[in-house]
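Here is what each chain is made of, one letter per residue.
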Amino acid sequence: MSSKENNTGSSHGMPLLTGFAGIVIVFLILVFANVLVAKMNLRWDASSEKLYSLSDATENIASNLKNRVEIRFFYSEDNINIPAHIKAYAKRVRDFLGEYENAGRGKIVFESINPSHDSDEEDLAQKYGVKGLNLPTGERVYFGLVAISSDQEEVIPYLDPNREAQLEYDITRAITRVQNPKKEKIGIITGLPVMGMGMANPMQPGMSRPWVFVNELKKTCDVSLIDKEDEKIPDDVRLLMLINPDSVSDKLLKAIDSYATSGGNVIVLADPLCISGNANPMAGGGGIDRNLEKLLAAWGVEIDSQKIVADFFYPTQLYSQRNPGSVESNPVWISAQKDVFDQQDTITGKIENMLFPIAGAVMIKEKAGLKSSTLVRTSKSSALVESFKAQLGGELAADFKPTGEVYNIAVKLEGTFPSVFSETAAKAEDKTGGNSPKTATVIVVADADFIADDYYVEKQNFLGFEMAQIFNDNLNFFLNATELLTGNPELARIRAGGTFSRPFTKVRDMELRAREKWYAQEVVLEKSAEETNQKLQALNSKKSEKQSFVLNPEQEAEIKKFQEEKIRINRELKAVRRNLKSDIESMGNVIKFLNIFFMPLLIAVAGILFAIRRRQNA
Amino acid sequence: MNSGIRHIKSIFMREMTGYFGSALAYVFLVIFLVLLGFFTFYVSRFFENGQADLGVFFSWHPWLYMLLAPAITMRLWADERKQGTLELLMTFPITPFEAIMGKFLAAWFFVGIALLLTFPIIITVTYLGSPDFGAIFCGYAGSFLMAGAFLSIGIMSSSLTRSPVVSFLVSSFICLFFNLAGYPPVTQAMKSLAPDAMVNFVSELSMLTHVASISRGVISLFDVFYFVSVMGFMLFINSVSLENRQTL
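About the thresholds
Residues numbered from 1 in each chain as written. Chains lettered and ligands numbered in written order. Predicted model: local features only at pLDDT ≥ 70, side-chain atom pairs only at ≥ 80, totals over all residues. Heavy atoms only, no water. Helix = DSSP H or I, 4+ residues; strand = E, 2+ residues; numbered from the N terminus. Buried < 20%, exposed > 50% of the residue type's maximum accessible area, 1.4 Å probe, protein only. Contact = heavy atoms within 4.5 Å. Areas by Shrake-Rupley, 256 points an atom, 1.4 Å probe, with all protein chains shown as cover. Buried area = accessible area lost by both parts, 1.4 Å probe. Salt bridge = Lys/Arg side-chain N within 4 Å of Asp/Glu carboxyl O. Polar contact = N/O pair within 3.5 Å; in protein donor to acceptor, adjacent residues only side chain to side chain. Arc of directions from axis to C-beta. Phe/Tyr/Trp six-rings, centres within 6.5 Å; stacked < 30°, edge-to-face > 60°. Lys NZ or Arg CZ within 6 Å of the ring centre and 35° of its normal. Core = buried A, V, L, I, M, F, W, Y, C linked by side-chain atoms within 4.5 Å. Patch = residues over 30% accessible without salt bridge, like charges linked within 9 Å, V, L, I, M, F, W, Y side chains within 5 Å. Lys, Arg positive; Asp, Glu negative; His and termini not counted. Charge placed at Lys NZ, Arg CZ, Asp CG, Glu CD. 1 Å grid on protein atoms, 1.4 Å probe; cavity = no way out; pocket = protein on both sides within 12 Å on 5 of 7 lines; lining within 4 Å. Points joined across faces, edges and corners; volume = space filled by probe spheres on them. Nonpolar A, V, L, I, M, F, W, Y, C, P; charged D, E, K, R; others polar. Expected span 1.5 Å × (residues − 1). Axes fitted to C-alpha atoms, helices over the stretch in contact; angles between N-to-C directions. Parallel < 35°, antiparallel > 145°, perpendicular 65-115°, else oblique. Left-handed = near helix turned anticlockwise from the far one by under 90°. Pairing = 2+ DSSP bridges.

Draft legend 1. Layout of the overall build of chain B. What chain B contains, in helices and strands, is 14 helices and 1 strand. A burial count over chain B gives 58% of its 248 residues as buried. Pairs at least 24 residues apart make up 76% of the contacts formed inside chain B by residues separated by at least 6 positions. Accessible area of chain B: about 10,000 Å², with a carbon and sulfur share of 74%.

Draft legend 2. Structural detail: the environment of B:I121. As for its placement among the helices and strands, B:I121 is situated in helix α8 (residues 119-128). Distance from B:I121 to B:T40, taken between C-alpha atoms, is 9.9 Å for residues 81 residues apart in sequence. With near-sequence residues (within four places) excluded, B:I121 lies in contact with A:N595, B:T40, B:F41, B:L54, B:F57 and B:Y140.

Draft legend 3. Fine view of the interface of chain A and chain B. Contact with chain A, which involves 62 residues of that partner, is made by 65 residues of chain B. Interface area for chain A against chain B, summed over the two sides, is near 5,700 Å², with a carbon-plus-sulfur share of 67%. Viewed at the interface, chain B and chain A are joined by 1 salt bridge. Ionic pairing is found between A:K592 and B:E48, a salt bridge with its closest N-O pair at 2.9 Å. If you look at where chain A meets chain B, you find 7 residue pairs in polar contact (both at pLDDT 80 or more). Of all the secondary structure elements, the ones that give two or more residues to the side of chain A that touches chain B are α1 (3-8), α2 (14-40), β1 (43-45), α4 (84-104), α13 (505-545) and α14 (553-617) of chain A.

Draft legend 4. Region of the structure containing helix α12 (residues 196-204) of chain B. Turning to α12(B), its buried residues number three or more, namely B:V199, B:N200, B:V202 and B:S203. Down the axis of α12(B), the buried side of the element spans an arc of 160 degrees, and every buried residue falls inside it.

Draft legend 5. Broad picture of the packing of aromatic side chains. One pass over the full model with this rule turns up 40 aromatic pairs over all chains. Aromatic side chains A:F73 and A:F110 sit 6.5 Å apart centroid to centroid with 55 degrees between the ring planes, which places their arrangement in the tilted category. Separated by 37 residues along the polypeptide, A:F73 in strand β2 (residues 69-75) and A:F110 in strand β3 (residues 108-113) bring together distant segments of the chain. Overall, A:F110 belongs to the buried group, its relative accessible area being 17%. Clustering of aromatic rings is evident, with ring pairs tying together A:F610, B:Y19, B:F20, B:Y26, B:F28, B:F32, B:Y65, B:F110 and B:F150. Lying over the aromatic face of A:Y128, A:K127 brings its terminal NZ or CZ to 4.6 Å of the ring centre.

Draft legend 6. Up close: the pattern of salt bridges. All names here are of chain A. Taken as a whole and judged by the stated rule, the model has 22 salt bridges over all chains. Between R173 and D170 there is a salt bridge whose closest N-O contact spans 3.5 Å. Remark: D170 and R173 occur in helix α6 (residues 167-179); sequence separation between them is 3 residues, near one turn of the helix. Taking the relative accessible area as the measure of exposure, R173 reaches 7% and is therefore buried. For D304, the salt bridge goes to K307, with nearest N and O atoms at 3.8 Å. Judged by relative accessible area, which is 28%, D304 ranks as partly exposed. Residue K307 is classed as partly exposed on the basis of its relative accessible area, which comes to 24%.

Draft legend 7. The side chain of B:S158, seen in detail. Here B:S158 shows up in helix α9 (residues 133-158). What B:S158 contacts, discounting residues up to four positions off in sequence, is B:T73, B:M74, B:R75, B:L76, B:W77, B:A78 and B:S167.

Draft legend 8. Layout of the nonpolar core. All names here are of chain B. With 86 residues, the main nonpolar core has Y19, F32, F47, M207 and F227 as its most contacted residues. Broken down by element, the residue count for this core peaks at 12 residues, all from α9. Other than its neighbours up to four places away in sequence, M207 contacts M146, A149, F150, I153, F178, N179, Y226 and F227.

Draft legend 9. Fine view of a negative patch on the surface. Side chains of A:D118, A:D120, A:E121 and A:D123 sit close together on the surface and give a patch of like negative charge. Within the secondary structure layout, A:D123 lies in helix α5 (residues 120-128).

Draft legend 10. Structural context of empty space enclosed by the protein. A complete count under the given rule lists 5 cavities of 30 Å³ or more for this structure. What lines the largest cavity is a set of 13 residues, among which A:N595, B:L33, B:G37, B:F57 and B:T118 lie closest to the centre. At the level of secondary structure, the elements contributing two or more residues to the lining of the largest cavity comprise α14 of chain A together with α2 (23-43) and α8 of chain B. At 5 residues, α2(B) tops the list of elements feeding residues into the lining of the largest cavity. Its residues assigned to classes, the lining of the largest cavity comprises 9 nonpolar, 4 polar and no charged.

Draft legend 11. Highlighting α6(A). Counted at 1.5 Å a residue, the expected span for α6(A) with its 13 residues is 18 Å, and the 19 Å between its end C-alpha atoms agrees. Burial analysis of α6(A) places 13 of its 13 residues in the buried class, which makes it a mostly covered element.

Draft legend 12. A look at the packing of α9(B) against helix α14 (residues 221-243) of chain B. All names here are of chain B. Interaxial distance between α9 and α14 falls to 8 Å at its minimum, and their mutual angle equals 15 degrees. In terms of orientation, α9 lies roughly parallel with respect to α14. Taken as a pair, α9 and α14 cross one another with a handedness that is left-handed. Side by side, α9 and α14 meet where L145, M146, G148, A149, S152, I153, I155 and M156 of the first sit next to V224, F227, V230, M231, M234, L235, I237 and N238 of the second.

Draft legend 13. Highlighting unusual backbone geometry. With phi around 60 degrees, A:I358 is a residue other than glycine that occupies positive phi space. Locating A:I358 in the fold gives a position in the loop between β16 (353-357) and β17 (362-364). For A:I358, a relative accessible area of 6% puts it in the buried group. Even without a glycine there, the phi angle at B:R45 is positive, about 50 degrees. By the element assignment, B:R45 lies in the loop between α2 and α3 (46-49). When its relative accessible area of 44% is taken as the criterion, B:R45 is described as partly exposed.

Draft legend 14. Summary view of the sheet that holds strand β20 (residues 408-415) of chain A. All names here are of chain A. One open sheet holds the 7 strands; their spatial order is β8-β7-β9-β10-β21-β20-β18, and the pairing between them is mixed. A strand with exactly one partner marks an edge of an open sheet, and here the two such strands are β8 (221-225) and β18 (370-377). On average, each strand axis in the sheet is tilted by 15 degrees relative to the strand beside it, whichever way the strands run. In this structure, β18 lies alongside β20, joined through 7 bridges in antiparallel fashion. Residue pairing for β20: L370 is matched across the bridge by G415. In this fold helix α8 (residues 250-261) packs onto β7 (184-190), β9 (237-243), β10 (265-269) and β21 (440-445), with an angle of close to 135 degrees to the strand it touches most, β9. Helix-sheet contacts for helix α11 (residues 474-485) involve β7, β9, β10, β18, β20 and β21, and the interaxial angle to β10 is about 160 degrees.

Okay, here's the thing in structure tokens:
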């Protein structure tokens, strides 16, 4: 390094010019290098959920592909008006598809196509069904992909950033579907309008469309409704869904029974109190169909039609019916969290939270030939209450005494299913039918509302596209169960817990403890406030009846007493409500202070000490 | 080689005593930590959100660095020029490269200390819930790299002028540009002036998108290389301007 010459500096213009040229050259080199590195796709995924790497299940599927799969990724990347978050997501998708290519060992080929306006590429995109998205500026951009294998195509028309958590699942599903296009058949018997009602009812907008879960199912399976009048389950039905059926005829019961005994898989949603799909939500469900109860009983399953389960550890914050405008913790709307799901089962292994709007309890009696396991249960702070008490909502907490008993909300049964009808008839069928007894899997959930759209998905309209924002794992649970029972369990293993929520468990525990301490008191106070109010109103109405009514001193004193009582109760109520929140708020304040001021204070003190010492030394 | 490292180290130590020997370090650390805490807890309402996720915390770093990195670096060369110590420095047997590295590493190390001193929030979030530690580590790594990039811009700008204030203004402007590169205000402005390809290229320069990728919990070689490129480029300009300081 010839520092001597450089340090004196020269006044020629040359070094400046070469310096400037040097800058431009270095700039170009760096840009070029960056482009190269971008193509390399080297990544270290440190996130605990491994969000950006392929799961083992996908790696398995990818490396065992029979036929070659080509993935065409359409993205109008040159358009500068694409929102920044979509640009960023597109890059992640592209990187992710690169991972698929690596895992496929030559069997998966991925091609990026850029459809600009009025080009051949745009026609290609349209041909495959990749829908364009209209930007506010009027331009059309494409962001979708299609998987192609031999003559099968499976398209994802738009890669919704909100579905990023399901991206791996969607792509892997598309790949498996083009390899094996046969769609399994699902039959649904139901009393609810899950397939959408034939005629649009102006009183119930939106009811005429199929429920979201049906549309999801239709992506991989052939879904059809089995009419109540039918007397036979079609032979090619791979999975039967009984979604709160009403008025199951005896003939239909027989058909279902022989379906199950010959090894057919079933998902049963039997809800003692169903609030979805009814014209009058206040009427409530009619309980569980008699014949369905018979069927379940034959399998050792009993759901009490008159009882619902209240879980005080996993309530849901809802608007109170008794106190319009205020929010309360309603224990019959269960927001179940990770701990109550069976971690070992494929269906519930990755489920993080689910919402059950008023569910019953599944009781199991051991039956020979059948093995049962609990998929979803309640916490230890639960109780079984009469169905009519559902409307009490948060007030149930007032009478609650924990017994430590735990109830099942969803169970899985595996084995050979006995017939509802006489044992001998079943045995005779067996001998003539097949050599070995057929085994089946049945899943029973004591709630049907959890797969109604309102309770797991929020629909929004974005630039002409209907976007669905899913806010819990209800759909995941249902789809996992479906995949398991239609013979595609690997796909279930891919599905990540959809919500990635990491709540403050400390705060939740504190809320719970506060609730236990103060809630009962609040309920009692509210009741007496209401009574006092009514008494006051009665007295006041008497006064207005007769204009010339003059109060005698006793009546005046009574009114005054009640008014004072009312004020006192309201004050106590305010204090109790404050207490419910106060512990958490004060912890919040301490945390804020520590985080914002503690270190700075230490530093300031250190600085001052240091300055003092220096002055002393000088 | 060894003497080079020794030279860098001595410049480094000279700078560090400069920081901590004056009020500068303490004032900067206090302001940085208070602002970061304030934005996280009061503007982003971290506690009320109830999520054990430091995403909102990290999202403020680019904006704080945009103001504070120029503030730390504005005096690095400008002071030496003003006080006339620059020539003196250059008579020592050190190369411009070593001087630059010494100053830059000192500034970067200092910001590293500032980041370390935010550890109370890690304790807080661990106490309140169960966060993703991989993502937190990546968040800090990304923030540290980004700090290096902003500091390199600042130190480069300081080498161009005699006035610290001018340095501060120029570097904040450049840092702001880097933050906003991919976003509508900048792209719209550029659309009428430059061809599409250039606008696309500029939006790739955005610091925010690179940092966002890292703070999701994934460290990609591309993002790391981006930050290293920015630092390298700025420091190179720095060395060119030092060598030409007579003409500037």
